[in-house]
Every structure is written in C-alpha cells, then in structure tokens.
Amino acid sequence: MIKSYLLIAFRNIFRSKLFSAVNILGLTFGMASALLIFLWVNDELSVNQFHSKIDRLYRVMENQTYSGKIYTFEATPAPMAPEVKEKYPEIEFASRWTWQESPLLAYKDKSFKEQGRWVDPDFLLMFDFPMISGDKNTALSGRNSIILTERYAKKLFGDEDPIGKTIVKDTKDSYQVTAVIKDLPPNNSLTFEFLLPFPTYFELNKGWLDSWGNNNVRTFLMLKEGVDVTAFSNKFKDEVRAHDQRV
C-alpha cells in the first residue's frame, strides 16, 4: 500500500512540476529557517550558563536622562562596587569591569597586543573561569598581578612555566604572572586574554575615576543565597542619586 501511495505522489509531482517545485522549495526553506532559528536561540540561551552561580549574578544598569528621555546604560561610577558591597549585607561579591584595552605586553624578546580588562579580586570568585595554575583567592591581590589565558601564556612563554615571571606593559610597567586560566568557552560574553587588578587601575586614574558623576566602568554584583531580588532592587535603585544629586 505504501508503494502505491508513493507512486501516486510521484505521478502528481511530475504531472504538475512547477506547482510541486514551488511547494517543495517552500517546505525546504521553511524547515531550514526553523532549524537555523532553533540553533540560534539555543546558542543565545546557553551564553554564560556555565557559571555555577549564574542565578545570583547581576550586572548593574543605570538610567540617565537626556533631553527629557530616559536611557539605560551599563556604565556605572567606579566607586560603586566597594561602596555597595560594604553597605548592603545582601551582596556577597562585587567587581568592576573596565572597557577592553589592548596594551603591548612583552616578555624577553616576545611582545603581543591582546585585549584585557581590569577587575576586582572578587571577579574570580563570582565567575567560573577554571584555573590551570594559581589560586583564584589571591591571584589578583597584588598591586602588580596579572592573569593570562592559556592561549596568551603560550604565545608569550612557549613551554616555560609563566607563574612568577614578569611581563612589561607598554614598555614601562611590570606585572608578575600569578595565574593562568583555561581559554574562554565560545558561549561566554566576558571576553579577555588577560586580567589586571582594578585597585591598581583606580590608583593610577584616581583623578577622574573617584567620582560618582563619571560613568566609566561596569559593575557586577553577586547576591547571597536567598536574597529577595525585587526587595533589594528597591533598596538599591537610588544609590547613584544618593552620592550625586545631579542624577
């Protein structure tokens, strides 16, 4: 019986070739489009999901008013992270995250430019970036610490053990390698090849960073388990205005 159905189907297809071709192409295009959309949505939903504490991690967004319109940005004041961590018991960890920069990092006769960020020590305790070597609890505690990805460490040091070695940044500042982390997974939005301690960055740029009126960095918070996010948001929402009445 199935054979008969197939014969009838093929006869109808060849009898109305144009009509059949349009329908088959339309069906093929629809199925391919649905598959591509499914793959894209699945990939988007997987971004950053490898972090074990993802349900407690939040990025601070700030509303700013220009010409009577409210715009929401991810840029926040640099003093925010340490201030709110101390002020609110609901916050377990807080870290600042700078815009990317690509300085020249050199070791002996090798030098490369790759993108990196300045972050607070809490960053490594909030996000799951597995260590190959080094201690995530202390890796960014030194003023001149630097963490490299496995790929970048290989470029600079080859087969040498990079831990304890000194890297020169932009031909003047020296930083000691304190940890190497695994290369970042593709479904990750926090891109970098090296990390430097934000307290050092703050010290070097305190003249313009030490103001609640400047929005120069991004701020990540990790709340403690069981915190009511809505209740905390209501407490937290006027934090910038409390320090800068111009907002």
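A short tour of the structure in this document, coming up.

1. Some details on the overall build of the protein chain
Okay, step 1: The helix and strand tally for the protein chain stands at nine helices and 13 strands.
Okay, step 2: The buried share of the protein chain, reckoned over its 247 residues, is 36%.
Okay, step 3: For the protein chain, the proportion of contacts with a sequence separation of at least 24, taken over those separated by at least 6, is 70%.
Okay, step 4: Just so you have it, the protein chain exposes about 14,700 Å², and 57% of that area is on carbon and sulfur atoms.

2. Some details on the environment of Ala-153
Okay, step 1: Position of Ala-153 among the secondary structure elements: in helix H5 (residues 150–157).
Okay, step 2: Distance in space between the C-alpha atoms of Ala-153 and Val-180 is 7.2 Å, their sequence separation being 27 residues.

3. A closer look at the side chain of Arg-218
Okay, step 1: Summarising the element assignment, Arg-218 is placed in strand S13 (residues 218–223).
Okay, step 2: Among the polar contacts made by the side chain of Arg-218, one reaches the side chain of Glu-74 at a distance of 3.5 Å.

4. Re the pattern of salt bridges
Okay, step 1: Enumeration according to the criterion identifies 18 salt bridges in this entry.
Okay, step 2: Its salt-bridge partner being Asp-120, residue Arg-96 comes within 2.8 Å of it at the nearest N-O pair. Here Asp-120 lies in the loop between strand S7 (116–119) and helix H4 (123–126) and Arg-96 lies in strand S4 (residues 91–97), a separation of 24 residues in the sequence.
Okay, step 3: For Asp-120, a relative accessible area of 8% translates into the label buried.

5. Section: a nonpolar patch on the surface
Okay, step 1: On the surface, Tyr-66, Tyr-71 and Phe-73 cluster together into a nonpolar patch covering about 290 Å² of accessible area.
Okay, step 2: Among the secondary structure elements, Tyr-66 is positioned in strand S2 (residues 62–66).

6. A look at the side chain of Glu-90
Okay, step 1: Along the chain, Glu-90 turns up in the loop between helix H3 (80–87) and S4.
Okay, step 2: With a relative accessible area of 15%, Glu-90 lands in the buried category.
Okay, step 3: Each residue touching Glu-90, except ones within four places of it in the same chain, is listed here: Met-222, Leu-223, Lys-224, Val-227, Phe-232 and Lys-235.

7. Thoughts on the nonpolar core
Okay, step 1: Among the nonpolar cores identified, the biggest contains 21 residues, and Ile-146, Leu-148, Leu-156, Phe-157, Ile-167, Phe-194 and Phe-198 are the most heavily contacted of them.
Okay, step 2: Those elements that provide at least two residues to this core are strand S5 (104–107), strand S9 (145–149), H5, strand S11 (173–181), strand S12 (194–197) and helix H6 (198–204).
Okay, step 3: Sort the elements by how many residues they give to this core and H5 lands first, with four residues.
Okay, step 4: In this view, Leu-156 contacts Leu-105, Tyr-107, Lys-110, Phe-112, Leu-148 and Ile-167; residues no more than four positions away in its chain are not counted.
Okay, step 5: Judged by nonpolar contacts, the second largest core, of 20 residues, contains Leu-125, Leu-140, Ile-181 and Phe-220.

8. Let's talk about the packing of aromatic side chains
Okay, step 1: In this structure the tally under the stated criterion is 20 aromatic pairs.
Okay, step 2: Measuring from centroid to centroid gives 6.2 Å for Phe-50 and Phe-129, while their planes differ by 65°, and the two rings are edge-to-face. Of this pair, Phe-50 sits in the loop between helix H2 (17–46) and strand S1 (57–59) while Phe-129 sits in the loop between H4 and strand S8 (131–133), placing them 79 residues apart in sequence.
Okay, step 3: Judged by its relative accessible area of 6%, Phe-129 is buried.

9. Some points on the pairing of S13
Okay, step 1: In terms of burial, S13 is largely enclosed, as six of its six residues are buried.
Okay, step 2: Across the two faces of S13 the burial is the same, with Arg-218, Phe-220 and Met-222 and Thr-219, Leu-221 and Leu-223 all buried.
Okay, step 3: Here three bridges tie S1 to S13, and the two strands are oriented antiparallel to one another. Each bridged residue has a counterpart across the sheet, and for Leu-57 the counterpart in S13 is Met-222.
Okay, step 4: Sheet topology note: the S4/S13 ladder contains six bridges and is antiparallel. Residue pairing for S13: Ala-94 is matched across the bridge by Leu-221.

Thresholds applied
- Residues numbered from 1 in each chain as written.
- Predicted model: local features only at pLDDT ≥ 70, side-chain atom pairs only at ≥ 80, totals over all residues.
- Heavy atoms only, no water.
- Helix = DSSP H or I, 4+ residues; strand = E, 2+ residues; numbered from the N terminus.
- Buried < 20%, exposed > 50% of the residue type's maximum accessible area, 1.4 Å probe, protein only.
- Contact = heavy atoms within 4.5 Å.
- Areas by Shrake-Rupley, 256 points an atom, 1.4 Å probe, with all protein chains shown as cover.
- Polar contact = N/O pair within 3.5 Å; in protein donor to acceptor, adjacent residues only side chain to side chain.
- Salt bridge = Lys/Arg side-chain N within 4 Å of Asp/Glu carboxyl O.
- Patch = residues over 30% accessible without salt bridge, like charges linked within 9 Å, V, L, I, M, F, W, Y side chains within 5 Å.
- Core = buried A, V, L, I, M, F, W, Y, C linked by side-chain atoms within 4.5 Å.
- Phe/Tyr/Trp six-rings, centres within 6.5 Å; stacked < 30°, edge-to-face > 60°.
- Pairing = 2+ DSSP bridges.

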